[in-house]
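# Fold and contact review
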Amino acid sequence: MTGGKPGGVPCVQLLPNLRCALFGKPERPAVCASLRPTQEMCGGNRAEAMAGLAAMELATRPK
Ligand code: SF4
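Predicted model only: the values in this text are computed from it and were never measured.

All right, on to unusual backbone geometry then. Phi at L18 is positive, roughly 70°, even though this residue is not glycine. Tracing the sequence through the fold places L18 in the segment before α1 (30-34). According to the C-beta neighbour criterion, L18 is exposed, with 8 such atoms within 10 Å.

What follows is the structure in structure tokens.
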């Protein structure tokens with residue numbers, strides 16, 4: 001790992017209500033602000049989105 005958080009660990013800015021504590025603030029990372037969610041990424045509900053994230057973590061983890 002070169003920095004940041006490990007995969008599978010929520011962002012420290014994620015609030016208990018699952019909203020971003022930095023939303024709308026200049027401190028919010030540019031990568032977050034530029035992300036454009038897609039149906040493929042989010043699925044039809046939270047469970048599908050989390051399953052997709054888990055699959056991406058597995059597919060992109062360091063060997
Ligand atoms: S939008 Fe970015 S900063 Fe905010 S909770 Fe998500 S990952 Fe963290």
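Bringing the site of the ligand into the picture now. Every residue lining the ligand is accounted for by C11, Q13, L14, C20, L22, R28, P29 and C32. Of the residues contributing to the shell around the ligand, the split by class is six nonpolar, one polar and one charged.

Conventions adopted
- Residues numbered from 1 in each chain as written.
- Predicted model: local features only at pLDDT ≥ 70, side-chain atom pairs only at ≥ 80, totals over all residues.
- Helix = DSSP H or I, 4+ residues; strand = E, 2+ residues; numbered from the N terminus.
- Buried ≥ 20, exposed ≤ 12 C-beta atoms within 10 Å, placed from the backbone.
- Near = placed C-beta within 6 Å.
- Nonpolar A, V, L, I, M, F, W, Y, C, P; charged D, E, K, R; others polar.

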